[in-house]
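# Architecture at a glance
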Amino acid sequence: MDRNTKDGVGSLQQKLRHHLTKSTQRVSNVGIKQSNKSLLLKTLLVQGPLSRAQLSLLTQLSKMTITNLVKEYMDEGILFEWGTAPSNGGPKPALLDVMAESLITTSLYIARDHLLVSLIDLRGNILAHSTASLPEDDSGANVMQKIYVLMDNMLAHKTKGRVWGMGISVAGPLDSERGVILNPPNFPQVRNLSIVKPLEERYGLPTYIENDIRVSSLAEMYYGNAKNVSNFVYVGVTSGVGCGIIIDRELFTGFDGNAGEFAHATIDPSGPQCSCGNIGCLEQYSTTSSAIRQYRQETGKDISWLELVSLAKDGDQLCLRIIKNLQKYLGYGLVALANIFDPECIIVGDEIIYVADLVLDGLNEYVNSHKIFRARPINIIKSYFPGSAPFIGTSPLIIEHLLQHKRPRMRILQEN
Ligand SMILES: [Zn+2]
């Protein structure tokens, strides 16, 4: 009995060792160097300029590895020496920085009513962009044709830098592994649309897709208000609401790649049906659409979000009350996020940014007086970007994907 058990454990350990050795070999063969290079690039973008010694300290890569990778990057024209750091007794060490236009990302942002194709450099600058409208009755095939026209034109006029990949940013849910947009609420044009494979085949560029709110959180980490923050949550409020979660400077995507849908929890079992199929989700009370709906219910008139914002800023009492109502429900959601993730800060962005001056004080007060751990206040701040985060973040999206080679996923052994 003991022997059998021991043999069973031995055999399992052997299988596990074999499995891990195979995984490790695969990772080291395929991408460990690329991962190290990406880590170096990310560290410089987020915290640079830095010396080689500082890079070694921050990345935990050896000084020799850093020296070699830096040389490769400098030969490729991606890094350059920029000034010197203070001396520690010896000669002043050179500071390294990133050449912004050396690597360019083709970005595709699919919004509910338009497409936006742009070229983004390593520093998140928009070098060129063009758009096309996206009527609700467009078919998936038509959407792809519009994307091809925009992309063909954009890549025909590309700048002197090198296009190194394509990033797609769109509302979820997505099947990132297969590159398919599944069934985003109120998004009939792109239902079950396989998009990564056809674009990769047409343009020959490594292509990655990610939820637009998570892409925004990357923009904040690399270029925005979270450059010096390790743990934060980005909450995007438009006609929907969701969040991007950054833990230890890495994007948390969840098991299926769809983490962050915190607003699809029922807060009122007798509330309206949500587009997700559930009843009385938080999203039904905390979006620009819910504000517009409330205005219609109280006045019988249709109004756009920007008109509602403008009226509120002119002192219209109804619009101010509607925005305070949105703030109240959003606050409930932010307390939940604060309790679950204990972030250093929460960044609110997208269309809520237009009323940041009306809601931020209230959100800070509410969240910090209602979260469980109150010794350290959490700052609720507004996004650095006036609406551009969902496509600017596609440049770091490529770096994040290249980095993933570093950490093979631990998988469960299947006995058969
Ligand atoms: Zn819902």
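For the structure, see preceding data.
Worth saying up front: this structure is predicted, and the values here are computed from it rather than measured. (Residues numbered from 1 in each chain as written. Predicted model: local features only at pLDDT ≥ 70, side-chain atom pairs only at ≥ 80, totals over all residues.)

### Focus: the sheet that holds strand β6 (residues 162-170)
What counts here: A strand pair is defined by DSSP finding two or more bridges across the two strands. Numbering of helices and strands runs from the N terminus, with a helix taken as a DSSP run of H or I at least four residues long and a strand as a DSSP run of E at least two residues long. Every axis in this analysis is a line fitted to C-alpha atoms, fitted for helices over the stretch in contact. Angles between the N-to-C directions lie between 0 and 180 degrees. A pair of residues counts as a contact when their C-beta atoms, built from backbone coordinates, are separated by no more than 7 Å.
The strand order across the open sheet formed by 5 strands is β5-β4-β3-β6-β10, and the pairing between neighbours is mixed. Looking at which strands have only one partner, the edges of the open sheet turn out to be β5 (126-133) and β10 (207-211). Looking at each pair of strands side by side, their axes are set apart by 20° on average, direction ignored. The sheet contact formed by β6 and β10 spans 5 bridges and is parallel. Each bridged residue has a counterpart across the sheet, and for S169 the counterpart in β10 is E210. The sheet contacts of helix α13 (residues 394-403) involve β3 (103-110), β4 (114-120), β6 and β10, and relative to β6 the element is tilted by about 105°.

### Concerning the packing of helix α10 (residues 317-341) against helix α11 (residues 356-370)
For clarity, the cut-off: Throughout this description, any angle smaller than 35 degrees is read as roughly parallel, any larger than 145 degrees as roughly antiparallel, any in the 65 to 115 degree range as roughly perpendicular, and the remainder as oblique. Less than a right angle of anticlockwise turn of the near helix away from the far helix marks a crossing as left-handed, whereas a clockwise turn marks it as right-handed.
The N-to-C vectors of α10 and α11 enclose an angle of 40°; their axes lie 9 Å apart at closest approach. It follows from the interaxial angle that α10 and α11 lie oblique. For the pair α10 and α11, the crossing hand works out as right-handed. The residues of α11 that touch α10, namely those facing I323, Q327, L330, G331, L334, V335 and A338, are L358, V359, G362, L363, Y366, V367 and H370.

### Re the environment of L69
Our working rule: A residue is called partly exposed when the number of other C-beta atoms within 10 Å of its own lies between 12 and 20, exposed at 12 or fewer, and buried at 20 or more, with C-beta atoms placed from the backbone.
You can see L69 is positioned in helix α4 (residues 63-75). For L69, a count of 21 C-beta atoms within 10 Å gives the class buried. Taking the C-alpha atoms as reference points, L69 and L40, 29 residues apart in sequence, are found 8.2 Å from one another. In contact with L69, other than residues within four places in its own chain, are N36, K37 and L40.

### What about the pairing of β4?
Summarising burial for β4: 6 of the 7 residues are buried, a large majority. Between β3 and the antiparallel strand that follows it, β4, lie 3 residues.

### Section: the pairing of β5
Here 7 bridges tie β4 to β5, and the two strands are oriented antiparallel to one another. Bridge pairing links L116 to T131 in β5.

### Quick notes on the sheet that holds strand β15 (residues 379-382)
Spatial ordering of the open sheet is given by β13-β12-β11-β14-β15, a layout of 5 strands whose pairing is mixed. One side of each edge strand has no neighbouring strand; the edge strands of this open sheet are β13 (250-252) and β15. For this sheet the average axis-to-axis angle between neighbouring strands, irrespective of direction, equals 25°. Where strand β12 (residues 241-247) meets β13, 3 bridges bridge the pair, whose relative direction is antiparallel. Along β13, the bridge assignment pairs I246 with L251. Of the strands in this sheet, β11 (232-237), β12, β13 and β14 (345-350) touch helix α7 (residues 212-223), which is tilted by about 45° from β12.

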